[in-house]
Amino acid sequence: MSTGHNRMQSHHSETETDNSNSDNPTFRICCIGAGYVGGPTCAIIASKCPEVRVTVVDVSVDRIAAWNSDNLPLFEPGLEAIVKKIRNRNLFFSTDTKTAIQEADLIFISVNTPTKSFGFGNGRAPDLRYVEEAARQIAHTATSNKIVVEKSTVPVKAAESIKTILKTNKQPGVSYQVLSNPEFLAEGSAIHDLLAPDRVLIGGDETVDGSFAIKKLAWIYEHWVPKEKILTTNTWSSELSKLVANAFLAQRISSINTISAVCEATGASVSEVAKAVGLDSRIGSKFLNASIGFGGSCFQKDVYNLIYLAESLKLEPVAQYWLQVIKINDWQRERFAQMIVQNLFGSVSGKKIAILGFAFKKDTADTRESSSIYVCRYLLTEGASLLIYDPKVPVARIFLDLSEQTGKTENELREHVYIANDAYEAAKDSHALVICTEWDEFKQLDYQLIYSTMKKPSFIFDGRLILDHDQLLSFGFNVFCIGKKPPINQYLNQSPQ
(Lines give C-alpha, C1' and ligand atoms only; values in the text may rest on other atoms or scores of the structure.)
Protein backbone atom coordinates (compact mmCIF):
# COMPACT_ATOMS: atom_id res chain seq x y z
CA MET A 1 0.00 0.00 0.00
CA SER A 2 2.88 2.33 -0.66
CA THR A 3 1.55 3.95 -3.84
CA GLY A 4 0.39 7.51 -3.42
CA HIS A 5 2.31 7.87 -0.15
CA ASN A 6 3.85 11.30 -0.91
CA ARG A 7 0.57 12.65 -2.16
CA MET A 8 -1.18 11.56 1.00
CA GLN A 9 1.54 12.85 3.30
CA SER A 10 1.07 16.31 1.78
CA HIS A 11 -2.68 16.10 2.24
CA HIS A 12 -2.25 14.81 5.78
CA SER A 13 -0.19 17.84 6.80
CA GLU A 14 -2.55 20.27 5.12
CA THR A 15 -5.55 18.62 6.74
CA GLU A 16 -4.07 18.84 10.22
CA THR A 17 -3.32 22.53 9.69
CA ASP A 18 -6.66 23.37 8.15
CA ASN A 19 -8.64 21.45 10.78
CA SER A 20 -6.90 22.93 13.80
CA ASN A 21 -9.85 25.18 14.57
CA SER A 22 -12.43 22.96 16.29
CA ASP A 23 -15.07 25.69 16.02
CA ASN A 24 -15.06 25.40 12.24
CA PRO A 25 -14.63 21.75 11.23
CA THR A 26 -13.52 21.37 7.63
CA PHE A 27 -13.61 17.56 7.40
CA ARG A 28 -17.06 16.03 7.58
CA ILE A 29 -18.16 12.48 8.21
CA CYS A 30 -21.63 11.03 7.63
CA CYS A 31 -22.60 7.70 9.15
CA ILE A 32 -25.67 6.00 7.70
CA GLY A 33 -27.11 3.89 10.50
CA ALA A 34 -27.49 4.89 14.16
CA GLY A 35 -27.33 1.43 15.69
CA TYR A 36 -24.93 -0.52 17.91
CA VAL A 37 -21.97 0.15 15.61
CA GLY A 38 -22.64 3.56 14.10
CA GLY A 39 -23.60 5.38 17.28
CA PRO A 40 -20.70 4.41 19.57
CA THR A 41 -18.11 4.50 16.76
CA CYS A 42 -19.03 8.02 15.73
CA ALA A 43 -19.20 9.19 19.33
CA ILE A 44 -15.58 8.17 19.84
CA ILE A 45 -14.46 9.65 16.52
CA ALA A 46 -16.11 12.97 17.35
CA SER A 47 -14.67 13.01 20.87
CA LYS A 48 -11.15 12.32 19.65
CA CYS A 49 -11.31 14.50 16.54
CA PRO A 50 -12.80 17.85 17.63
CA GLU A 51 -11.89 19.37 14.26
CA VAL A 52 -14.11 16.81 12.44
CA ARG A 53 -17.88 17.21 12.17
CA VAL A 54 -19.66 13.88 12.52
CA THR A 55 -23.32 13.42 11.61
CA VAL A 56 -25.11 10.14 12.28
CA VAL A 57 -28.28 9.65 10.24
CA ASP A 58 -31.05 7.08 10.34
CA VAL A 59 -34.49 6.63 8.78
CA SER A 60 -35.95 5.92 12.23
CA VAL A 61 -37.32 9.14 13.69
CA ASP A 62 -37.70 7.48 17.10
CA ARG A 63 -34.11 6.26 17.16
CA ILE A 64 -32.69 9.67 16.27
CA ALA A 65 -34.96 11.30 18.86
CA ALA A 66 -33.57 8.90 21.46
CA TRP A 67 -29.97 9.76 20.53
CA ASN A 68 -30.89 13.43 21.03
CA SER A 69 -32.54 12.76 24.39
CA ASP A 70 -31.41 11.83 27.90
CA ASN A 71 -32.36 8.19 27.23
CA LEU A 72 -30.06 6.81 24.55
CA PRO A 73 -31.47 3.96 22.41
CA LEU A 74 -28.77 1.55 23.59
CA PHE A 75 -26.73 0.95 26.72
CA GLU A 76 -22.95 0.80 26.72
CA PRO A 77 -20.85 1.65 29.78
CA GLY A 78 -19.32 5.10 29.30
CA LEU A 79 -21.27 5.97 26.14
CA GLU A 80 -23.83 8.32 27.65
CA ALA A 81 -21.26 10.64 29.21
CA ILE A 82 -19.33 10.93 25.95
CA VAL A 83 -22.41 11.63 23.84
CA LYS A 84 -23.77 14.28 26.21
CA LYS A 85 -20.42 16.06 26.30
CA ILE A 86 -20.01 16.50 22.53
CA ARG A 87 -23.56 16.23 21.16
CA ASN A 88 -24.46 19.28 19.06
CA ARG A 89 -20.84 20.41 19.26
CA ASN A 90 -19.26 18.25 16.57
CA LEU A 91 -21.49 15.19 16.93
CA PHE A 92 -24.99 15.37 15.47
CA PHE A 93 -27.89 12.95 15.07
CA SER A 94 -30.33 13.61 12.24
CA THR A 95 -32.90 12.15 9.88
CA ASP A 96 -31.76 14.49 7.10
CA THR A 97 -29.73 11.90 5.24
CA LYS A 98 -29.60 13.83 1.99
CA THR A 99 -27.88 16.89 3.48
CA ALA A 100 -25.45 14.77 5.50
CA ILE A 101 -24.40 12.87 2.37
CA GLN A 102 -24.04 16.05 0.34
CA GLU A 103 -21.78 17.70 2.92
CA ALA A 104 -19.67 14.67 3.85
CA ASP A 105 -16.14 13.94 2.71
CA LEU A 106 -16.35 10.39 4.06
CA ILE A 107 -19.44 8.22 4.51
CA PHE A 108 -19.71 5.18 6.76
CA ILE A 109 -22.32 2.58 5.80
CA SER A 110 -23.28 1.09 9.15
CA VAL A 111 -26.68 -0.44 8.52
CA ASN A 112 -28.10 -3.76 9.65
CA THR A 113 -27.12 -6.89 7.71
CA PRO A 114 -29.34 -9.63 9.18
CA THR A 115 -29.33 -13.23 8.05
CA LYS A 116 -31.84 -13.83 5.25
CA SER A 117 -35.12 -15.37 6.35
CA PHE A 118 -36.41 -16.11 2.86
CA GLY A 119 -35.43 -17.32 -0.61
CA PHE A 120 -31.96 -18.43 -1.69
CA GLY A 121 -29.58 -18.60 1.25
CA ASN A 122 -32.46 -18.62 3.75
CA GLY A 123 -31.03 -18.89 7.27
CA ARG A 124 -27.41 -18.46 6.16
CA ALA A 125 -26.74 -15.73 3.63
CA PRO A 126 -26.62 -12.10 4.75
CA ASP A 127 -29.47 -9.84 3.70
CA LEU A 128 -27.75 -6.88 2.03
CA ARG A 129 -30.83 -4.90 1.05
CA TYR A 130 -30.03 -2.07 3.49
CA VAL A 131 -26.44 -1.84 2.25
CA GLU A 132 -27.71 -1.61 -1.32
CA GLU A 133 -30.28 1.03 -0.37
CA ALA A 134 -27.57 3.10 1.33
CA ALA A 135 -25.28 2.83 -1.71
CA ARG A 136 -28.06 3.88 -4.07
CA GLN A 137 -28.98 6.81 -1.87
CA ILE A 138 -25.37 7.98 -1.86
CA ALA A 139 -25.10 7.68 -5.65
CA HIS A 140 -28.33 9.58 -6.26
CA THR A 141 -27.51 12.32 -3.76
CA ALA A 142 -23.78 13.03 -3.89
CA THR A 143 -22.56 15.74 -6.24
CA SER A 144 -18.90 15.68 -5.13
CA ASN A 145 -16.27 12.99 -4.64
CA LYS A 146 -16.72 10.72 -1.62
CA ILE A 147 -14.92 8.02 0.29
CA VAL A 148 -17.49 5.35 1.11
CA VAL A 149 -16.60 2.99 3.96
CA GLU A 150 -18.43 -0.28 4.60
CA LYS A 151 -18.62 -0.56 8.38
CA SER A 152 -21.41 -3.13 8.48
CA THR A 153 -20.44 -6.78 8.68
CA VAL A 154 -20.66 -7.92 5.06
CA PRO A 155 -19.64 -10.98 3.03
CA VAL A 156 -16.51 -11.07 0.91
CA LYS A 157 -16.81 -8.98 -2.27
CA ALA A 158 -19.64 -6.81 -0.91
CA ALA A 159 -17.44 -3.79 -1.64
CA GLU A 160 -17.52 -4.79 -5.30
CA SER A 161 -21.31 -4.64 -5.23
CA ILE A 162 -21.21 -1.20 -3.61
CA LYS A 163 -18.73 0.00 -6.23
CA THR A 164 -20.94 -1.24 -9.04
CA ILE A 165 -24.00 0.53 -7.66
CA LEU A 166 -22.11 3.77 -7.14
CA LYS A 167 -20.44 3.65 -10.55
CA THR A 168 -23.61 2.93 -12.51
CA ASN A 169 -25.77 5.47 -10.68
CA LYS A 170 -23.35 8.31 -9.96
CA GLN A 171 -23.89 11.93 -10.84
CA PRO A 172 -21.71 13.40 -13.63
CA GLY A 173 -18.14 14.16 -12.54
CA VAL A 174 -18.41 12.33 -9.21
CA SER A 175 -15.93 9.61 -8.27
CA TYR A 176 -15.86 7.22 -5.33
CA GLN A 177 -13.37 5.16 -3.38
CA VAL A 178 -14.86 2.25 -1.44
CA LEU A 179 -13.07 1.00 1.67
CA SER A 180 -13.67 -1.85 4.09
CA ASN A 181 -13.27 -0.94 7.76
CA PRO A 182 -14.87 -3.74 9.80
CA GLU A 183 -15.70 -3.21 13.45
CA PHE A 184 -14.34 -5.54 16.11
CA LEU A 185 -16.48 -4.39 19.03
CA ALA A 186 -17.77 -6.51 21.86
CA GLU A 187 -21.07 -5.28 23.26
CA GLY A 188 -20.69 -4.29 26.88
CA SER A 189 -17.12 -3.13 26.28
CA ALA A 190 -17.58 -1.23 23.01
CA ILE A 191 -16.24 2.08 24.33
CA HIS A 192 -13.10 0.42 25.68
CA ASP A 193 -12.68 -1.51 22.43
CA LEU A 194 -12.97 1.71 20.43
CA LEU A 195 -10.58 3.66 22.63
CA ALA A 196 -7.96 0.91 22.84
CA PRO A 197 -8.46 -1.41 19.86
CA ASP A 198 -6.28 -4.47 19.25
CA ARG A 199 -6.13 -3.29 15.64
CA VAL A 200 -7.90 -1.11 13.13
CA LEU A 201 -8.27 -2.81 9.77
CA ILE A 202 -8.69 -0.79 6.57
CA GLY A 203 -9.02 -2.48 3.20
CA GLY A 204 -9.06 -0.75 -0.15
CA ASP A 205 -7.96 -0.85 -3.77
CA GLU A 206 -4.26 -1.27 -4.40
CA THR A 207 -4.14 1.85 -6.56
CA VAL A 208 -2.95 5.41 -6.09
CA ASP A 209 -6.48 6.64 -5.39
CA GLY A 210 -7.17 3.63 -3.17
CA SER A 211 -4.07 4.29 -1.08
CA PHE A 212 -4.99 7.96 -0.86
CA ALA A 213 -8.45 7.05 0.53
CA ILE A 214 -7.00 4.55 2.99
CA LYS A 215 -4.65 7.14 4.41
CA LYS A 216 -7.47 9.65 4.78
CA LEU A 217 -9.39 7.19 6.93
CA ALA A 218 -6.23 6.20 8.78
CA TRP A 219 -5.68 9.88 9.62
CA ILE A 220 -8.95 9.84 11.57
CA TYR A 221 -7.91 6.86 13.68
CA GLU A 222 -4.38 8.17 14.17
CA HIS A 223 -5.83 10.82 16.49
CA TRP A 224 -5.81 8.17 19.23
CA VAL A 225 -4.70 4.80 17.81
CA PRO A 226 -0.96 4.07 17.44
CA LYS A 227 0.02 3.81 13.78
CA GLU A 228 1.42 0.32 14.23
CA LYS A 229 -2.09 -0.90 15.15
CA ILE A 230 -3.64 0.41 11.93
CA LEU A 231 -3.40 -2.38 9.36
CA THR A 232 -4.03 -1.94 5.65
CA THR A 233 -4.99 -4.77 3.30
CA ASN A 234 -6.83 -5.29 0.07
CA THR A 235 -10.59 -5.08 0.33
CA TRP A 236 -11.31 -8.80 0.19
CA SER A 237 -8.84 -9.64 2.96
CA SER A 238 -10.42 -7.00 5.18
CA GLU A 239 -13.94 -8.32 4.59
CA LEU A 240 -12.95 -11.94 5.19
CA SER A 241 -10.92 -11.11 8.30
CA LYS A 242 -14.03 -9.87 10.09
CA LEU A 243 -15.97 -13.07 9.42
CA VAL A 244 -13.02 -15.27 10.37
CA ALA A 245 -12.35 -13.40 13.63
CA ASN A 246 -15.90 -13.89 14.87
CA ALA A 247 -16.02 -17.47 13.61
CA PHE A 248 -12.84 -18.32 15.54
CA LEU A 249 -14.23 -16.78 18.73
CA ALA A 250 -17.52 -18.66 18.35
CA GLN A 251 -15.54 -21.83 17.69
CA ARG A 252 -13.64 -21.47 20.98
CA ILE A 253 -16.89 -21.09 22.92
CA SER A 254 -18.44 -24.14 21.30
CA SER A 255 -15.22 -26.10 21.85
CA ILE A 256 -15.13 -25.44 25.61
CA ASN A 257 -18.87 -26.12 25.83
CA THR A 258 -18.34 -29.62 24.40
CA ILE A 259 -15.74 -30.18 27.11
CA SER A 260 -18.25 -28.97 29.73
CA ALA A 261 -20.46 -31.93 28.85
CA VAL A 262 -17.51 -34.30 29.26
CA CYS A 263 -16.73 -32.75 32.64
CA GLU A 264 -20.29 -33.23 33.89
CA ALA A 265 -20.11 -36.89 32.94
CA THR A 266 -16.68 -37.59 34.45
CA GLY A 267 -16.35 -35.40 37.53
CA ALA A 268 -13.80 -33.02 36.06
CA SER A 269 -14.34 -29.26 36.43
CA VAL A 270 -14.52 -27.31 33.20
CA SER A 271 -13.23 -24.20 34.98
CA GLU A 272 -10.12 -26.06 36.09
CA VAL A 273 -9.63 -27.61 32.66
CA ALA A 274 -10.05 -24.22 30.95
CA LYS A 275 -7.52 -22.63 33.31
CA ALA A 276 -4.97 -25.37 32.67
CA VAL A 277 -5.44 -25.21 28.92
CA GLY A 278 -5.50 -21.42 28.84
CA LEU A 279 -2.11 -21.17 30.54
CA ASP A 280 -0.60 -22.64 27.38
CA SER A 281 0.75 -19.53 25.63
CA ARG A 282 -0.14 -21.04 22.25
CA ILE A 283 -3.81 -21.16 23.23
CA GLY A 284 -4.44 -18.38 25.74
CA SER A 285 -7.30 -18.00 28.21
CA LYS A 286 -9.75 -15.75 26.39
CA PHE A 287 -13.12 -17.12 25.32
CA LEU A 288 -12.66 -20.34 27.26
CA ASN A 289 -15.53 -19.71 29.69
CA ALA A 290 -18.10 -22.46 29.44
CA SER A 291 -21.69 -21.24 29.43
CA ILE A 292 -25.15 -21.84 28.02
CA GLY A 293 -23.92 -20.69 24.61
CA PHE A 294 -22.95 -17.58 22.70
CA GLY A 295 -25.44 -14.97 21.52
CA GLY A 296 -25.47 -11.47 20.14
CA SER A 297 -25.87 -10.08 16.67
CA CYS A 298 -22.52 -11.16 15.23
CA PHE A 299 -21.24 -14.62 16.09
CA GLN A 300 -24.04 -16.77 14.70
CA LYS A 301 -24.64 -14.45 11.75
CA ASP A 302 -20.98 -14.35 10.78
CA VAL A 303 -20.50 -18.10 11.11
CA TYR A 304 -23.52 -18.60 8.86
CA ASN A 305 -22.04 -16.07 6.41
CA LEU A 306 -18.83 -18.11 6.33
CA ILE A 307 -20.81 -21.32 5.83
CA TYR A 308 -22.74 -19.78 2.95
CA LEU A 309 -19.53 -18.49 1.39
CA ALA A 310 -17.96 -21.95 1.59
CA GLU A 311 -21.06 -23.56 0.08
CA SER A 312 -21.08 -21.00 -2.73
CA LEU A 313 -17.44 -21.85 -3.47
CA LYS A 314 -18.27 -25.61 -3.47
CA LEU A 315 -16.15 -26.13 -0.34
CA GLU A 316 -18.57 -28.47 1.40
CA PRO A 317 -16.14 -29.85 4.05
CA VAL A 318 -15.38 -26.28 5.10
CA ALA A 319 -19.09 -25.48 5.35
CA GLN A 320 -19.80 -28.62 7.40
CA TYR A 321 -16.92 -27.87 9.76
CA TRP A 322 -18.26 -24.43 10.67
CA LEU A 323 -21.86 -25.67 10.80
CA GLN A 324 -20.87 -27.83 13.77
CA VAL A 325 -20.04 -24.66 15.73
CA ILE A 326 -23.68 -23.58 15.41
CA LYS A 327 -25.04 -27.04 16.15
CA ILE A 328 -23.00 -27.32 19.36
CA ASN A 329 -24.28 -23.91 20.48
CA ASP A 330 -27.89 -24.96 19.93
CA TRP A 331 -27.27 -28.25 21.68
CA GLN A 332 -25.74 -26.55 24.73
CA ARG A 333 -28.83 -24.38 25.20
CA GLU A 334 -31.16 -27.35 24.95
CA ARG A 335 -28.93 -29.44 27.22
CA PHE A 336 -29.07 -26.78 29.93
CA ALA A 337 -32.87 -26.65 29.75
CA GLN A 338 -32.96 -30.44 30.00
CA MET A 339 -30.74 -30.23 33.07
CA ILE A 340 -33.30 -27.95 34.74
CA VAL A 341 -36.28 -30.15 33.90
CA GLN A 342 -34.66 -33.44 34.82
CA ASN A 343 -33.35 -32.22 38.17
CA LEU A 344 -36.69 -30.69 39.13
CA PHE A 345 -37.98 -34.28 39.45
CA GLY A 346 -38.57 -34.62 35.72
CA SER A 347 -41.20 -31.91 35.38
CA VAL A 348 -41.48 -28.12 35.57
CA SER A 349 -45.17 -28.01 34.70
CA GLY A 350 -46.87 -25.48 36.96
CA LYS A 351 -43.61 -24.65 38.73
CA LYS A 352 -42.21 -21.14 39.13
CA ILE A 353 -38.74 -20.66 37.68
CA ALA A 354 -36.82 -17.44 38.31
CA ILE A 355 -34.75 -16.39 35.29
CA LEU A 356 -31.93 -13.97 36.14
CA GLY A 357 -30.70 -12.27 33.01
CA PHE A 358 -32.24 -11.89 29.57
CA ALA A 359 -29.54 -9.94 27.66
CA PHE A 360 -27.09 -12.09 25.71
CA LYS A 361 -24.24 -10.88 27.96
CA LYS A 362 -23.68 -8.46 30.81
CA ASP A 363 -23.39 -4.69 30.38
CA THR A 364 -25.73 -4.52 27.40
CA ALA A 365 -29.47 -4.42 26.80
CA ASP A 366 -29.09 -6.33 23.55
CA THR A 367 -31.05 -9.58 23.44
CA ARG A 368 -30.36 -10.66 19.88
CA GLU A 369 -29.78 -14.44 19.81
CA SER A 370 -29.60 -14.44 23.60
CA SER A 371 -29.36 -17.97 25.00
CA SER A 372 -31.78 -16.90 27.73
CA ILE A 373 -34.54 -16.62 25.13
CA TYR A 374 -34.06 -20.23 24.04
CA VAL A 375 -33.89 -21.54 27.59
CA CYS A 376 -37.12 -19.69 28.37
CA ARG A 377 -38.76 -21.13 25.29
CA TYR A 378 -37.88 -24.70 26.30
CA LEU A 379 -39.16 -24.16 29.84
CA LEU A 380 -42.40 -22.56 28.65
CA THR A 381 -42.96 -25.51 26.33
CA GLU A 382 -42.60 -27.77 29.38
CA GLY A 383 -45.33 -25.80 31.18
CA ALA A 384 -43.24 -23.70 33.55
CA SER A 385 -44.18 -20.25 34.81
CA LEU A 386 -41.28 -17.81 34.48
CA LEU A 387 -40.35 -14.83 36.65
CA ILE A 388 -37.77 -12.88 34.63
CA TYR A 389 -35.45 -10.14 35.83
CA ASP A 390 -32.82 -8.27 33.83
CA PRO A 391 -31.40 -4.91 34.98
CA LYS A 392 -31.31 -3.36 31.49
CA VAL A 393 -33.63 -5.12 29.05
CA PRO A 394 -37.02 -3.37 28.66
CA VAL A 395 -40.18 -5.32 29.43
CA ALA A 396 -41.50 -4.82 25.90
CA ARG A 397 -38.32 -6.33 24.45
CA ILE A 398 -38.64 -9.44 26.61
CA PHE A 399 -42.19 -10.11 25.49
CA LEU A 400 -41.38 -9.37 21.85
CA ASP A 401 -38.49 -11.85 21.85
CA LEU A 402 -40.51 -14.55 23.58
CA SER A 403 -43.43 -13.95 21.23
CA GLU A 404 -41.18 -14.42 18.19
CA GLN A 405 -39.76 -17.65 19.63
CA THR A 406 -42.98 -19.21 20.87
CA GLY A 407 -45.51 -17.88 18.37
CA LYS A 408 -47.70 -16.66 21.24
CA THR A 409 -49.09 -13.18 21.74
CA GLU A 410 -48.01 -11.02 24.65
CA ASN A 411 -51.37 -11.55 26.34
CA GLU A 412 -50.98 -15.31 26.04
CA LEU A 413 -47.44 -15.14 27.39
CA ARG A 414 -48.48 -13.03 30.37
CA GLU A 415 -50.40 -16.03 31.71
CA HIS A 416 -47.05 -17.73 32.38
CA VAL A 417 -44.42 -14.98 32.21
CA TYR A 418 -43.95 -12.28 34.85
CA ILE A 419 -41.34 -9.52 34.80
CA ALA A 420 -39.81 -8.81 38.19
CA ASN A 421 -38.40 -5.50 39.41
CA ASP A 422 -35.37 -7.15 41.03
CA ALA A 423 -33.80 -10.54 41.62
CA TYR A 424 -35.38 -10.96 45.06
CA GLU A 425 -38.88 -10.48 43.67
CA ALA A 426 -38.16 -12.98 40.91
CA ALA A 427 -36.88 -15.60 43.35
CA LYS A 428 -39.70 -15.33 45.91
CA ASP A 429 -41.81 -18.52 46.04
CA SER A 430 -39.94 -19.98 43.06
CA HIS A 431 -38.85 -23.59 42.81
CA ALA A 432 -35.59 -22.79 41.06
CA LEU A 433 -33.35 -19.87 40.20
CA VAL A 434 -31.57 -19.91 36.84
CA ILE A 435 -28.56 -17.70 36.01
CA CYS A 436 -28.68 -16.93 32.29
CA THR A 437 -26.62 -13.71 32.07
CA GLU A 438 -23.41 -12.96 33.98
CA TRP A 439 -24.46 -9.57 35.40
CA ASP A 440 -22.11 -8.53 38.21
CA GLU A 441 -25.01 -7.76 40.54
CA PHE A 442 -25.99 -11.43 40.51
CA LYS A 443 -22.70 -12.27 42.23
CA GLN A 444 -23.49 -9.91 45.09
CA LEU A 445 -27.02 -11.00 45.98
CA ASP A 446 -27.91 -12.19 49.48
CA TYR A 447 -28.49 -15.83 48.56
CA GLN A 448 -29.16 -16.85 52.15
CA LEU A 449 -32.11 -14.43 52.14
CA ILE A 450 -33.18 -15.67 48.72
CA TYR A 451 -33.08 -19.27 49.97
CA SER A 452 -35.42 -18.38 52.81
CA THR A 453 -38.05 -17.08 50.36
CA MET A 454 -37.99 -19.99 47.90
CA LYS A 455 -39.95 -23.21 47.90
CA LYS A 456 -38.14 -26.26 49.26
CA PRO A 457 -36.11 -28.03 48.09
CA SER A 458 -34.56 -24.95 46.48
CA PHE A 459 -32.52 -25.19 43.31
CA ILE A 460 -29.97 -22.98 41.57
CA PHE A 461 -28.82 -23.62 38.01
CA ASP A 462 -25.74 -21.56 37.22
CA GLY A 463 -25.46 -21.26 33.45
CA ARG A 464 -22.58 -18.78 33.63
CA LEU A 465 -20.38 -20.20 36.40
CA ILE A 466 -20.33 -16.94 38.34
CA LEU A 467 -21.53 -18.06 41.80
CA ASP A 468 -19.82 -19.54 44.86
CA HIS A 469 -21.28 -23.02 44.70
CA ASP A 470 -19.83 -24.26 47.99
CA GLN A 471 -21.40 -21.34 49.82
CA LEU A 472 -24.75 -21.97 48.12
CA LEU A 473 -24.62 -25.62 49.18
CA SER A 474 -23.98 -24.52 52.77
CA PHE A 475 -27.15 -22.40 52.66
CA GLY A 476 -29.14 -25.48 51.63
CA PHE A 477 -29.42 -25.00 47.87
CA ASN A 478 -29.23 -27.87 45.43
CA VAL A 479 -26.71 -26.53 42.93
CA PHE A 480 -26.29 -27.53 39.30
CA CYS A 481 -24.07 -25.86 36.79
CA ILE A 482 -22.44 -26.12 33.40
CA GLY A 483 -19.27 -28.19 33.34
CA LYS A 484 -19.32 -29.74 36.79
CA LYS A 485 -20.76 -33.02 37.97
CA PRO A 486 -23.54 -32.34 40.50
CA PRO A 487 -23.20 -33.70 44.04
CA ILE A 488 -24.89 -37.03 44.62
CA ASN A 489 -28.23 -36.48 46.35
CA GLN A 490 -30.70 -39.26 47.02
CA TYR A 491 -33.62 -36.92 46.34
CA LEU A 492 -32.43 -35.66 42.97
CA ASN A 493 -31.86 -36.95 39.46
CA GLN A 494 -28.44 -36.55 37.89
CA SER A 495 -27.90 -34.09 35.05
CA PRO A 496 -28.42 -35.52 31.56
CA GLN A 497 -25.48 -37.07 29.78
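The model shown is predicted, which means the values in this text are computed figures rather than measured ones.

## Regarding the overall build of the protein chain
And then number 1: Along its length, the protein chain carries 19 helices and 14 strands.
And then number 2: For 497 residues, the compact-globule estimate of 2.2 N^0.38 gives 23 Å, and the C-alpha radius of gyration of the protein chain, at 25 Å, lies within 12% of that figure.
And then number 3: Considered along the principal axes of its C-alpha atoms, the protein chain spans approximately 80 × 50 × 45 Å.
And then number 4: Within the span of the protein chain, comprising 497 residues, buried residues form 52% of the whole.

## Notes on helix H13 (residues 316-343)
And then number 1: Given a rise of 1.5 Å per residue, 28 residues ought to cover 40 Å, and the 40 Å separating the end C-alpha atoms of H13 matches this to within 8%.
And then number 2: Just beyond H13, the residue with positive phi is Phe345, at close to 65°.

## Looking at the pattern of salt bridges
And then number 1: Applying the stated criterion across every chain yields a total of 20 salt bridges.
And then number 2: Between Glu160 and Lys163 there is a salt bridge, and its shortest N-O distance comes to 3.4 Å. Separated by three residues within a single helix, Glu160 and Lys163 lie in helix H7 (residues 158-169), roughly one turn from each other.
And then number 3: Judged by relative accessible area, Glu160 falls into the partly exposed class, the value being 34%.
And then number 4: Several salt bridges converge on common partners, so that one network encompasses Asp70, Glu80 and Lys84.

## Observations regarding the nonpolar core
And then number 1: Ile353, Tyr447 and Phe461 are the most contacted members of the largest nonpolar core, which has 62 residues in total.
And then number 2: Per-element accounting of this core gives the leading share, six residues, to helix H14 (residues 371-381).
And then number 3: Contacts of Tyr447, omitting those with residues within four sequence positions, involve Ile435, Phe442, Ile460, Leu467, Leu472, Phe475 and Phe477.
And then number 4: Formed by 42 residues, the second largest nonpolar core is a distinct cluster that contains Cys31, Val54, Ile191 and Trp219.

## Remarks on the packing of H13 against H14
And then number 1: The contact between H13 and H14 brings their axes to 9 Å, and the two run at 45°. The angle between H13 and H14 places the two elements in the oblique class. With respect to the hand of their crossing, H13 and H14 are arranged in right-handed fashion. Residues Arg333, Glu334, Phe336, Ala337, Ile340 and Val341 of H13 form the contact with H14, whose own contacting residues are Ser371, Tyr374, Val375, Tyr378 and Leu379.
And then number 2: Of the residues that constitute the contact of H13 with H14, the class distribution is eight nonpolar, one polar and two charged.

## A short note on the environment of Gly35
And then number 1: With respect to the helices, strands and loops of the structure, Gly35 is situated in the loop between strand E1 (27-32) and helix H2 (38-48).
And then number 2: Owing to a relative accessible area of 16%, Gly35 belongs among the buried residues under this scheme.
And then number 3: Not counting residues up to four positions away in its chain, the partners in contact with Gly35 are Pro40, Arg63, Trp67 and Leu74.

## Digging into unusual backbone geometry
And then number 1: Each neighbour pair has its own omega, and for Lys456 with Pro457 the value is -5°, a cis peptide bond.
And then number 2: Turning to its location among the elements, Pro457 is positioned in the loop between helix H18 (447-453) and strand E13 (459-462).
And then number 3: Positive phi, normally seen in glycine, also occurs at Phe345, with a value near 65°.
And then number 4: In this structure, Phe345 sits in the loop between H13 and strand E9 (352-356).
And then number 5: In this model, Leu465 sits at a positive phi of 55°, which is unusual for a non-glycine residue.

## Comments concerning the sheet that holds strand E14 (residues 478-481)
And then number 1: Pairing is parallel across the open sheet formed by six strands, whose spatial order is E11-E10-E9-E12-E13-E14. Each edge of the open sheet is held by one strand with a lone partner, namely strand E11 (417-419) and E14. Across the sheet, the axes of successive neighbouring strands diverge by a mean angle of 20°, strand direction being ignored.
And then number 2: Pairing geometry for strand E12 (residues 432-435) and E13, over four bridges, is parallel. Note on E13: the bridge partner recorded for Val434 is Phe461.

## A few points about the pairing of E1
And then number 1: Burial analysis of E1 places five of its six residues in the buried class, which makes it a mostly covered element.
And then number 2: Both E1 and strand E2 (residues 52-57) contribute to a ladder of six bridges, which runs parallel. Its bridge partner being in E2, Ile29 is matched across the sheet by Val54.
And then number 3: Between the parallel pair E1 and E2, the chain is carried across by H2, and the sense of this crossover is right-handed.
And then number 4: As paired elements, E1 and strand E4 (residues 106-109) share four bridges and run parallel to each other. Its bridge partner lying in E4, Cys31 is registered against Phe108.

## Concerning the packing of helix H10 (residues 235-266) against helix H12 (residues 299-312)
And then number 1: Where H10 contacts H12, the two axes come as close as 8 Å, and the packing angle between them is 115°. Classified by chirality, the crossing of H12 by H10 is left-handed. Between H10 and H12, the contacting residues are Leu240, Lys242, Leu243, Asn246, Ala247, Leu249, Ala250 and Ile253 on the first element and Phe299, Asp302, Val303, Asn305, Leu306 and Leu309 on the second.
And then number 2: When the residues that make up the contact of H10 with H12 are grouped by side-chain class, the tally is ten nonpolar, two polar and two charged.

## Regarding the side chain of Ser269
And then number 1: For Ser269, the location among the structural elements is in the loop between H10 and helix H11 (270-278).
And then number 2: The residues touching Ser269, leaving out its near neighbours within four places in the chain, are Cys263 and Gly483.

## With respect to the confidence of the model for the protein chain
And then number 1: Of the residues in the protein chain, 93% reach a pLDDT of 70 or more, and the chain-wide mean stands at 91.
And then number 2: This model gives residues 490-497 a pLDDT under 50, and the stretch forms 27 contacts once residues within four places in sequence are excluded.

## Digging into H14
Since one α-helical turn is 3.6 residues long, residues separated by three or four positions face the same way.
And then number 1: Within H14, eight of the eleven residues are buried, which leaves it mostly tucked inside the rest of the structure.
And then number 2: Three or more residues of H14 are buried, namely Ser371, Ser372, Ile373, Tyr374, Val375, Cys376, Leu379 and Leu380.
And then number 3: Two residues or fewer after H14 comes Gly383, characterised by a positive phi angle close to 95°.

Thresholds applied
- Residues numbered from 1 in each chain as written.
- Predicted model: local features only at pLDDT ≥ 70, side-chain atom pairs only at ≥ 80, totals over all residues.
- Heavy atoms only, no water.
- Helix = DSSP H or I, 4+ residues; strand = E, 2+ residues; numbered from the N terminus.
- Rg over C-alpha atoms; globule rule 2.2 N^0.38 Å.
- Buried < 20%, exposed > 50% of the residue type's maximum accessible area, 1.4 Å probe, protein only.
- Expected span 1.5 Å × (residues − 1).
- Salt bridge = Lys/Arg side-chain N within 4 Å of Asp/Glu carboxyl O.
- Core = buried A, V, L, I, M, F, W, Y, C linked by side-chain atoms within 4.5 Å.
- Contact = heavy atoms within 4.5 Å.
- Axes fitted to C-alpha atoms, helices over the stretch in contact; angles between N-to-C directions.
- Parallel < 35°, antiparallel > 145°, perpendicular 65-115°, else oblique.
- Left-handed = near helix turned anticlockwise from the far one by under 90°.
- Nonpolar A, V, L, I, M, F, W, Y, C, P; charged D, E, K, R; others polar.
- Pairing = 2+ DSSP bridges.
- Right-handed = clockwise from strand over helix to strand, strands pointing away.
- pLDDT = per-residue confidence, 0-100.

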